[in-house]
Structures are given as structure tokens and as C-alpha cells.
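Fold and contact review
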Amino acid sequence: MIRRRGLEEIGLSFLDVICCGFGAIILLLMIVKTVEPILIEDPMITREGLVQKREQLNEILGETRILRRQLTDEERQLTRELTELAKVERDINDILGQYRATAEEAEFQQSTRERLVQAKQSLTAEMERLLGLDFVRATNTIGGVTVDSEYIIFVIDTSGSMQQWAWGAVQRKVREALDIYPRVKGIQVMNDMGDYMFPETAGRWIEDTPGRRRDMLRVLAGWSPNSNSSPVEGIQQAINTYYSRDRKISIYVFGDDFSKRSIERVVDTVDQVNRVVEDGSRRVRIHAVGFPVRVGANSGNRFAALMRELTFRNDGTFVGLSTFE
């Protein structure tokens, strides 16, 4: 006889299983409930974010308006500056036009002066009388003052007529002649008689320095040694003392009259001491400035005739002043 298991055992085991299942479910629910939900990422747009972005946008728009105003102001400033620049350019063009007109006028005046000098240096009736009708110049070309000399000598007429009427102009012309030569190897100053401004330097050259030039001009203002109003002795003294085949020398003769020897004899005497070198030139140039003290007088005409011829033969330039200014 087969015995069956009782219903009571089977029922208890089943209940155990069911209880365990419910317990597991309850435990899971409790675990799930105690853990806070975790956000994997923040929402893309929130109300606060929208407000913040709107504020940033308003700030950007405000800065844009400010920049636009600044740009407009800069454009106005640029327009004003361009207008001023155009005005300056017009002014510059006007000044350049005036300068060109002045330069052309100065060139015309210089050309006129050169033609006048050339006319003065032409063979005049007085020169024809003194030098003879058969005398002919090799050329009538009149150049400017040549400044290739390394040494310069001033031979200045210190006569009473020069002291009384022309001495201020003499000082200005000496200064202008010095300005032509920024620097030379030696300078000397003597009067028409051959007397030295600085006797202690006789026979040698004065060193060219700014201080020495100032001393010359200062002493010249009150310098008045004895004079016979003839430049011949001073020219001969200068050439005989300082002539050298290896030096380029310029003599500047300042005077107003000549009433001593014949012009031809003086010219021939200077030709003998200031000889022509191999290249056809003379080592000593003779320049002259005539002051209008004896204008119209015979001695004044003779001085002009003598100086024109001496400067022409000795590679120099003669300037006859019409005024003392």
C-alpha cells in the first residue's frame, strides 16, 4: 500500500517560496526608493539660462551701439582731417608757386646783373684812351667768382675816402668773401700799401679758424693805416711774398680809385710776377671790388679800368658796386 505525503507539508513549502518572493520584491522596492534619481545631463535650456543669454545679448547690442557711435565720430574726425589736409596741400602748392616765381625772378635779376657786369667790363672809351684803340680782349666772357683757392689775401684801400664813405660796405664785403670759403689753409690781410693788419704774421699765413675770422672783422672796423690810395704796392707785395707754384691763391682787392702809374705798366708788372703755369692758368687769381666813392671822377674810372684788366688777365672777377648797400 502506497503512502502519500500529507497536504500540510506541501502547503508549507509553497508558502515559504511565496514569502521569500514577496520579501525580495519588498526589499527591491525599498532599495530603489532610497536612491535619489541622477540626471545624466542638465537640460539644454532653462528659464534662468534664457534670462542670462538675453542679458548678454542686450550687453552686446549696447556695446555695438557704442562702437557705432565711436565709428561715426571717427569718420567725422577723419573727414575734418582730410579737409584740413587738402587745405594744407593747397597752401603748399601756393607757396611752391610763389617760390618758383621768386626763383625765376631771382634768376632773371641775376642774369640782368651779369649782363650789367659784362657791360661794365667791356672796353670803354676811357680804356680805349688809356690802353689804345688797337687793344682787343681775347674774350668778353664774365664768370662768377672762382673759389678753388686754398689761400686768400685781402688787399684793402685804407685811404680817407674809403674810410669816410665806404668802410661799412668794405666790412660787409670782406665778411661775404670769407663766407664763400668755409675753410682755407691760410689767410692774410694787408692794405693797399702792403702793410699787414697783423704785423707779427708778416711773411707767413694766418691759420684759418672761426676765432681768427672774428678777430679780422673786429680789427677791420677800426683799421686805418697810412694809404696812397693805390692798390699796386699791396698787390705786388702779396704776389712777391706768397706766390708759390704749388699753391692756389686768390687776392681780393678792395678800392675806389687809382691815380698813380700807367695801367699798362701795372698790368705788365703783375704779369711778370704772376706767371702762367703749364696748364695755361695763373697760380694767383686776382678778384676786385670797386666802391662807388669816385664815380665819374678820373681816378675812379682809372681804378675800374685797371681792375677790369687785372682780373681778366689773372683769372679773376671784377665787381663794380653801384651803391654802398
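To start, this report covers the structure provided alongside it. (Residues numbered from 1 in each chain as written. Predicted model: local features only at pLDDT ≥ 70, side-chain atom pairs only at ≥ 80, totals over all residues. Heavy atoms only, no water.)

**As for the pairing of strand β1 (residues 151-156)**
Here is the rule: Exposed residues in this analysis have more than 50% of their type's maximum accessible area, buried residues have under 20%, and partly exposed residues fall in between, with area computed by a 1.4 Å probe over protein chains only. Helix and strand assignments follow DSSP, with helices taken as H or I runs no shorter than four residues and strands as E runs no shorter than two, numbered in order from the N terminus. Strand pairing is assigned whenever DSSP identifies at least 2 bridges connecting the two strands. Convention used here: a crossover is right-handed provided that the path from the first strand, over the helix, to the second strand proceeds clockwise when the strands point away from the viewer.
Counting buried positions over the 6 residues of β1 gives 6, a clear majority of the element. Bridging between β1 and strand β2 (residues 186-191) involves 6 bridges; their strand directions are parallel. Bridge assignment links V155 to a residue of β2, and that residue is M190. A crossover connection joins β1 to the parallel β2 through helix α4 (residues 160-180); in handedness this β-α-β unit is right-handed. In this structure, β1 lies alongside strand β3 (residues 249-255), joined through 6 bridges in parallel fashion. Each bridged residue has a counterpart across the sheet, and for I152 the counterpart in β3 is S250.

**Considerations on the packing of α4 against helix α5 (residues 210-221)**
Short version of the rule: With axes taken as lines fitted to C-alpha atoms, and helix axes fitted only over the stretch in contact, angles between N-to-C directions fall between 0 and 180 degrees. Note on terminology: angles under 35 degrees are roughly parallel, angles over 145 are roughly antiparallel, angles of 65 to 115 are roughly perpendicular, and the others are oblique. In a left-handed crossing the near helix is turned counterclockwise from the far helix by less than a right angle, and in a right-handed crossing that turn is clockwise. Contacts are residue-level and defined by heavy atoms, with any inter-residue pair within 4.5 Å sufficient. In this classification, Asp, Glu, Lys and Arg are treated as charged, Ala, Val, Leu, Ile, Met, Phe, Trp, Tyr, Cys and Pro as nonpolar, and every other residue, Gly included, as polar.
At their nearest, the axes of α4 and α5 sit 10 Å apart, and the two run at 165° to each other. Classified by the angle their axes make, α4 and α5 are roughly antiparallel. For α4 against α5, the interelement crossing comes out right-handed. Residues W167, Q171, V174, R175, L178 and D179 of α4 form the contact with α5, whose own contacting residues are R213, L217, L220 and A221. When the residues that make up the contact of α4 with α5 are grouped by side-chain class, the tally is 6 nonpolar, 1 polar and 3 charged.

**Describing the sheet that holds β2**
Across the sheet, which stays open at both edges, the 5 strands sit in the order β2-β1-β3-β4-β5 with parallel pairing between neighbours. The open sheet has two free edges, formed respectively by β2 and β5 (318-320), since each of these has just one partner strand. Strand-to-strand twist across the sheet, computed as the mean angle between neighbouring axes with direction ignored, equals 15°. Where α4 meets the sheet, it contacts β1, β2 and β3, and its direction lies at approximately 175° from that of β1.

**A look at unusual backbone geometry**
A positive phi is found at S229, a non-glycine position, where the angle reads about 60°. Along the polypeptide, S229 turns up in the loop between α5 and α6 (232-242). Accessibility expressed as a relative area gives 10% for S229, which makes it buried. Located in the positive-phi region is D315, a residue other than glycine, with phi close to 60°. With respect to the element layout, D315 can be found in the loop between α8 (298-313) and β5.

**Here's the deal with α6**
Every buried residue of α6 is accounted for by V232, G234, I235, Q236, A238, I239 and Y242. Buried residues belonging to α6 abut β1, β2, β3, α7 (263-273), β4 (284-290) and α8.

**Observations concerning the packing of aromatic side chains**
Note the threshold: Here is the rule: rings of Phe, Tyr and Trp (six-membered ring for Trp) pair when centre to centre is within 6.5 Å. Planes less than 30 degrees apart are stacked, more than 60 are edge-to-face, and the remainder are tilted.
Going through the model one piece at a time under the given rule, you end up with 6 aromatic pairs. An angle of 70° between the planes, with centres 6.1 Å apart, marks the rings of F154 and F254 as edge-to-face. Linking F154 in strand β1 with F254 in strand β3, this pair joins segments that are 100 residues apart in sequence. Both residues of the pair, F154 and F254, belong to the buried class. Seen in terms of ring centroids, F254 and F291 are 5.8 Å apart; in terms of plane orientation they differ by 65°. Their pairing is edge-to-face. Linking F254 in strand β3 with F291 in the loop between β4 and α8, this pair joins segments that are 37 residues apart in sequence. Taking relative accessible area as the criterion, F254 reaches 2% and is therefore assigned buried.

**Things to note about the packing of α7 against α8**
In a packed pair of helices, the relevant descriptors are the angle between the two axes and the axis-to-axis distance. Across the interface, α7 lies against α8 with an axial gap of 10 Å and an inter-helix angle of 25°. By the angle class used here, α7 and α8 are roughly parallel. When the axes of α7 and α8 are compared, the crossing they make is right-handed. Where α7 approaches α8, its residues I263, V266, V267, D268, V270 and D271 are matched on the opposing element by R302, A305, L306, E309, L310 and R313. Grouping the amino acids of the contact of α7 with α8 by side-chain chemistry returns 7 nonpolar, no polar and 5 charged.

**So, empty space enclosed by the protein**
Stated precisely, the cut-off is as follows: Buriedness of a pocket was judged along seven lines, with at least five required to meet protein on both sides within 12 Å; pockets are open sets of points on a 1 Å grid over the protein atoms alone, cavities are sets where a 1.4 Å probe fits but cannot get out, and lining residues have an atom within 4 Å of a point. Grid points are joined across faces, edges and corners, and a volume is the space filled by probe spheres set on the points.
Summed over all chains, the structure comprises 1 cavity of 30 Å³ or more. The wall of the largest cavity is formed by F154, I156, V174, V189, M197, M216, L217 and L220. Elements that contribute at least two residues to the lining of the largest cavity include exactly β1 and α5. No other element matches the 3 residues that α5 contributes to the lining of the largest cavity.

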